Amino acid sequence: MHALAERRDAVEADPMRTRSRATTALLGAAALVLSLAPAAEARAASYLREPLQPASTTTTARDVNHAGVVVGSANGGPVRWAAGATWPTPLPTPPGTSGGYASEVNDSGVAVGMAGGAPVKWAADGTVEVLPVPPGYSGAVATGINEAGQVSGYANSPKDNPSTMPWAARWAVRWDVDGVMSTLAFPAGFSDAFGEDVGGDGTVVGWVASREFISAARWAPDGTITVLQSSGWSEARAANEGNVAVGFYAEGPARWNPDGTSTGYGLGGLALDVNAAGDVVGWASFAGTRHGFLARAGGGVTELTDLRSATAINDQGVLVGEDAYGYPARWWPQP
């Protein structure tokens, strides 16, 4: 297998995992060397752990909104846990289909994800809507939703054009509030693009890839693309309403500000979410042991010893992710 594919597969082993009409332009790469945040604090934060059922390593808690509503997957299908509920409610899939997961939920309770191989959006009452896929493509995934209801995602490789990449070619897409889809351009030399999340103004973050190079990227509301790193391997995985993006660079958690400046945390791992305050969560290696982490916007990184991975944080500081045994849970911050 190609070296880049092997490295990407290592990251993806973590379970908490048509061209645009707009002008494509490289607006410039961010600094190659990330500024470093203060060193990690080897201590546990004060949280009340609430296990989510069914307790299984195949159950995933992927996102949490301001009310504490959690979305993810259980028993092979998309689910939602109400605030304070430990057992989930299954989310419907399109008629005649099964399987999938919910990727993200906004504060209005609208969730997005994949079901039956199609990109979908669930209203707060659970009604499912299938989102359009680019002509000729085999399917798509909806990865993120902002408070306005715009959705990010990516389309899978065309049925009649098998990819020559070590993994299947994808194309980043954005769906407007009314469900109209736009495909997002990528620069010359790249043949793969993922839209991973969407900021408050419709800016999509994700990454683009060639055979030898993978870089975090940001698509402005007009579709203009900025490649955030010009060397190494980086991916943007999440964004907040203010368009702060997080992910990884040089195999460690990283954060990119709207102006393109970046911050690293001096740890191996992956940043998975950022809230409105700029607090970042994910997983990292602490002295050879994998734990969740919380990086406050004001500085300092806290090792979350009760978590194997923190997959999301809401604006009240509520976390979801995997506990030390790989089971899903919700953590409520304590005074």
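From a predicted model like this one, the values you see are computed outputs, not experimental measurements.

Student: Could you clarify how one ought to interpret the environment of L48 in this entry?
Tutor: With respect to the helices, strands and loops of the structure, L48 is situated in strand β3 (residues 47-51). The contact partners of L48, leaving out residues within four places of it in the chain, are R330, W331, W332 and Q334.

Student: Would you mind going over the nonpolar core with me for this structure?
Tutor: In summary, soluble globular proteins display a tendency toward joint burial of nonpolar side chains. Ranked by size, the top nonpolar core spans 25 residues in total, and within it A142, V151, W175, F186, A193, V208 and W219 carry the most contacts. Broken down by secondary-structure element, the contributors of at least two residues to this core are β12 (140-145), β13 (151-155), β14 (171-175), β16 (192-198), β17 (204-209), β18 (214-219) and β19 (225-227). For this core, the element with the most residues is β14, which contributes four residues. Once residues within four sequence positions are removed from consideration, A193 is found in contact with Y154, R170, W171, A172, F186, W207, V208 and W219.

Student: How should the packing of aromatic side chains be read in this particular structure?
Tutor: In this description, a pair of aromatic rings is defined by centroid distance and the angle of the planes. Applying the stated criterion across every chain yields a total of seven aromatic pairs. Here Y137 and W171 contribute two aromatic rings whose centre-to-centre distance is 6.4 Å and whose plane-to-plane angle is 75°, an arrangement assigned as edge-to-face. Here Y137 is found in the loop between β11 (128-130) and β12, whereas its partner W171 is found in strand β14, with 34 residues between them in sequence. Side by side, Y137 and W171 carry an identical accessibility label, which is buried.

Student: Mind showing me how you'd approach the sheet that holds strand β15 (residues 181-183) here?
Tutor: Two pairing modes exist for strands in a sheet, parallel and antiparallel, and in both the strands are linked by backbone hydrogen bonds. Strand order in the open sheet formed by four strands is β12-β13-β14-β15, with antiparallel pairing between adjacent strands. A strand with exactly one partner marks an edge of an open sheet, and here the two such strands are β12 and β15. Strand-to-strand, the axes of this sheet are offset by a mean angle of 30°, without reference to chain direction.

Conventions we followed
Residues numbered from 1 in each chain as written. Predicted model: local features only at pLDDT ≥ 70, side-chain atom pairs only at ≥ 80, totals over all residues. Heavy atoms only, no water. Helix = DSSP H or I, 4+ residues; strand = E, 2+ residues; numbered from the N terminus. Contact = heavy atoms within 4.5 Å. Core = buried A, V, L, I, M, F, W, Y, C linked by side-chain atoms within 4.5 Å. Buried < 20%, exposed > 50% of the residue type's maximum accessible area, 1.4 Å probe, protein only. Phe/Tyr/Trp six-rings, centres within 6.5 Å; stacked < 30°, edge-to-face > 60°. Pairing = 2+ DSSP bridges. Axes fitted to C-alpha atoms, helices over the stretch in contact; angles between N-to-C directions.

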